[in-house]
Amino acid sequence: MTTQRVTHWIGGADRDHPAERTAEVYDPATGQVTARVDLASASDIDSAVAAASRAFPGWRDTSLSRRTAVLFAFRQLLAERADELAEAITAEHGKVLDDAAGEVRRGLDVVDFACGLGHLLKGEFTENASGGVDVYSLKQPLGVVSVISPFNFPVMVPLWFVPLAIACGNTVVLKPSEKDPSASVLLARLLAEAGLPDGVCNVVHGDSVAVDALLEHPDVAAVSFVGSTPVARHVYETGTRHGKRVQALGGAKNHMVVLPDADLDLAADAAVNAGFGSAGERCMAVSALVAVEPIGDELVGRIAERMAELRTGDGRRGCDMGPLVTRAHRDRVSSYVDAGIAEGASLVADGRTVRPDGNGAGFWLGPTLFDHVTPQMSVYTDEIFGPVLSVLRAPSYEAAVELVNSNPYGNGTAIFTNDGRAARRYRNEVEVGMVGINVPIPVPVAYYSFGGWKASLFGDTHAYGTDGVRFYTRTKAVTSRWPDPGDAGIDLGFPRNG
Ligand code: NAD
């Protein structure tokens, strides 16, 4: 098999001179190296930021109708090339093709939203705020913004940010995960094909060297980051220390609470879908199921029945669940299964014994279910980010809410019930940024905004939707009057409204 080279995309072209450092990119379903990706040095970052800075004045002054036309063309290309993008995702991430296609679709929704930029960028106008004085506000772009994304959504997460950033008139340096870098370059090429001027969207690959260079670069105005909580905290602290606007979305431990009156078949389906979809490598995956007694035994039984039917294997073969992203990650997740057993949780289904429909060298771990997990066990305290679902038992609704609210993360949560009053109460009381009522993965639609609370987000604004527009613009308030020359005169007093 030939090994591809994945290079940076700067100023509308591949940066093809040799890289000082590279990393291997794997097909997780075969365990084979399929590409080598260049890892940016500080000087590569300088080049990308310089290209974005050069492109900024022209793009900022490009008419809104022209910007909209580029985004519409991009939207069309994304729709036409959705299969190609999904294949690129599956080849490097491992998630099954259908799931990858769903990711592209959810990214496309944000492009739809960004196409409404003419409406989104309207300012306010007050006529005659004072005698003959008009006051109005403008939303202006920030300059060069950086987007740093995780491995688990190589298309959707860049599309949470890049379309809105450029819609608002900014230029972008995107730093995708080095584990599955190819899809980002494909996105940048599609933007170029759609008519985006060179330098408006650049892609640099790399690791912490690239990220730190972006965080410290004086010409980067803002950073949108998505990844694990320790790195999100580092990005927020370092970026803000260097005077940047930062939104840093972190990790998660999402709880699904099932009340005794819930439909247990619907709840079991939802737990399996949200626990094991994308092999649990979703920031909105359900990893902790809280069964409010007395339904625990019945619910666990129904979940186990469904898990027995799941097919784990190569994402191109119509399986339900693919491999994990790297061998190291699979080993780490697998070590949590060992730890759960050692700590006394009941192992109901053991993914370590899975027989995958795929190459034996792939990074496999099957769906795993633990029951009788307690809040002290590491399978509960840590974000595992794999196909391991932990069931905790709560004696009451109040105990369930207290458990969820005691967790340091606050990304997503779901409640399953037929009791509308209980659902309303949960919606009010739970300290989590995104709540599903009988919806297990409540990722908000593109015209709302995505973001968690507590250790799941550092910063003030959530991603995409109107929060995204707020993040990528700054407001200028203009006070204007066209006085009659006859009104001239000296008055050193502070201006008052009249
Ligand atoms: P990660 O934190 O390892 O990496 C994220 C990005 O940061 C990558 O681009 C990576 O190259 C870079 N990076 C890694 N280590 C770094 C370091 N020490 N210094 C500077 N940069 C560094 O995350 P991941 O493993 O790619 O993704 C999975 C994590 O992302 C999970 O914790 C998941 O919950 C989280 N996630 C959160 C959301 C959300 O919306 N809250 C969405 C998707 C993923």
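Analysis parameters
- Residues numbered from 1 in each chain as written.
- Predicted model: local features only at pLDDT ≥ 70, side-chain atom pairs only at ≥ 80, totals over all residues.
- Helix = DSSP H or I, 4+ residues; strand = E, 2+ residues; numbered from the N terminus.
- Expected span 1.5 Å × (residues − 1).
- Buried ≥ 20, exposed ≤ 12 C-beta atoms within 10 Å, placed from the backbone.
- Arc of directions from axis to C-beta.
- Contact = placed C-beta atoms within 7 Å.
- Pairing = 2+ DSSP bridges.
- Right-handed = clockwise from strand over helix to strand, strands pointing away.
- UniProt positions renumbered as here; feature names shortened; annotations may be inferred.
- Near = placed C-beta within 6 Å.
- Nonpolar A, V, L, I, M, F, W, Y, C, P; charged D, E, K, R; others polar.
- Domains from an automatic or database assignment.
- Axes fitted to C-alpha atoms, helices over the stretch in contact; angles between N-to-C directions.
- Parallel < 35°, antiparallel > 145°, perpendicular 65-115°, else oblique.
- Left-handed = near helix turned anticlockwise from the far one by under 90°.

Caption draft 1: Representation of helix α11 (residues 296-307) within the structure. Along its 12 residues, α11 runs 16 Å from first to last C-alpha, staying within 8% of the 16 Å computed at 1.5 Å per residue. Every buried residue of α11 is listed here: Gly-296, Leu-299, Val-300, Ile-303 and Met-307. Each buried residue of α11 lies within a common arc of 95 degrees when the element is viewed along its axis, so the set occupies one face. Within α11, the exposed residues directed more than 90 degrees away from the buried face are Asp-297 and Glu-305. Buried-residue contacts for α11 involve β13 (254-258), α10 (264-276), β14 (286-292), β15 (346-349), β16 (368-371) and β17 (388-394).

Caption draft 2: Quick peek at the pairing of strand β9 (residues 171-175). Of all 5 residues in β9, 5 are buried; the element is thus mostly enclosed. As defined by bridge partners, strand β8 (residues 144-148) adjoins β9 across 5 bridges and the pair is classed as parallel. Bridge pairing in β9 links Val-144 to Thr-171. Taken together, β8, helix α6 (residues 156-167) and β9 constitute a β-α-β crossover, and its handedness is right-handed. Judged from the 3 bridges that link them, β9 and strand β10 (residues 201-203) form a sheet pairing that is parallel. Note that in β10 the partner of Leu-174 across the bridge is Val-203.

Caption draft 3: Up close: the UniProt feature "domain: Aldehyde dehydrogenase" (unreviewed entry) in the chain. The sites that carry the UniProt feature "domain: Aldehyde dehydrogenase" (unreviewed entry) are, in the present numbering, residues 20-478. Between the C-alpha atoms that bound residues 20-478 the distance is 49 Å, and the span itself is 41% helix and 22% strand.

Caption draft 4: Structural view of the site of the ligand. Lining the immediate environment of the ligand, one finds 28 residues, of which Pro-150, Ser-208, Gly-227, Gly-251 and Cys-283 sit closest. Of all the elements in the fold, those that place two or more residues in the shell around the ligand are α8 (208-216) and α9 (229-241). Its residues placed into classes, the shell around the ligand shows 12 nonpolar, 12 polar and 4 charged. There are two domains that each give the shell around the ligand at least three residues, and those are domain 1 (4-250 + 456-477) and domain 2 (254-437).

Caption draft 5: Highlighting the domain arrangement of the chain. Segmenting the chain into domains produces domain 1 (4-250 + 456-477) and domain 2 (254-437). Taken together, the contact pairs 17 residues of domain 1 with 26 residues of domain 2. Elements supplying a minimum of two residues to the side of domain 1 that touches domain 2: α3 (82-93) and α4 (97-114). Among the residues making up the side of domain 1 that touches domain 2, the classes are represented as 7 nonpolar, 7 polar and 3 charged.

Caption draft 6: Region of the structure containing the sheet that holds strand β4 (residues 21-27). Pairing within the open sheet is mixed, and its 3 strands lie in the order β1-β5-β4. Since the sheet does not close on itself, it has two edges, and those belong to β1 (4-6) and β4, each with one partner. Each strand axis lies, on average, 30 degrees off the axis of its neighbour in the sheet, ignoring direction. For β1 and strand β5 (residues 32-39), the ladder comprises 3 bridges, and the chain directions are parallel. Bridging across to β5, Gln-4 finds its partner in Ala-35.

Caption draft 7: Representation of the packing of α3 against helix α7 (residues 182-193) in the model. Axis separation between α3 and α7 bottoms out at 9 Å; the angle between their running directions is 160 degrees. On the basis of their axis angle, the class for α3 and α7 is roughly antiparallel. For the pair α3 and α7, the crossing hand works out as right-handed. Across the interface between the two elements, Leu-85, Ala-88, Ile-89 and Glu-92 of α3 pack against Ser-182, Ala-183 and Leu-186 of α7.

Caption draft 8: Spatial organisation of the pairing of strand β6 (residues 125-130). With 0 of its 6 residues buried, β6 lies for the most part at the surface. In this sheet, strand β7 (residues 133-141) lies alongside β6 in antiparallel orientation, the contact comprising 3 bridges. Bridging from a neighbouring strand, Thr-126 pairs with Val-135 of β7. Between β6 and β7, which pair antiparallel in sequence order, lie 2 residues; one of them, Gly-132, sits at a positive phi of approximately 75 degrees.

Caption draft 9: Examining the sheet that holds β15 more closely. Pairing is mixed across the open sheet formed by 7 strands, whose spatial order is β15-β16-β17-β14-β13-β19-β20. Looking along the sheet, the strands with just one partner apiece sit at the ends: β15 and β20 (434-437). Each strand of the sheet is rotated relative to its neighbour by a mean of 20 degrees, with strand direction disregarded. Pairing geometry for β14 and β17, over 5 bridges, is parallel. Bridged to Ala-288 within β17 is Ser-390.

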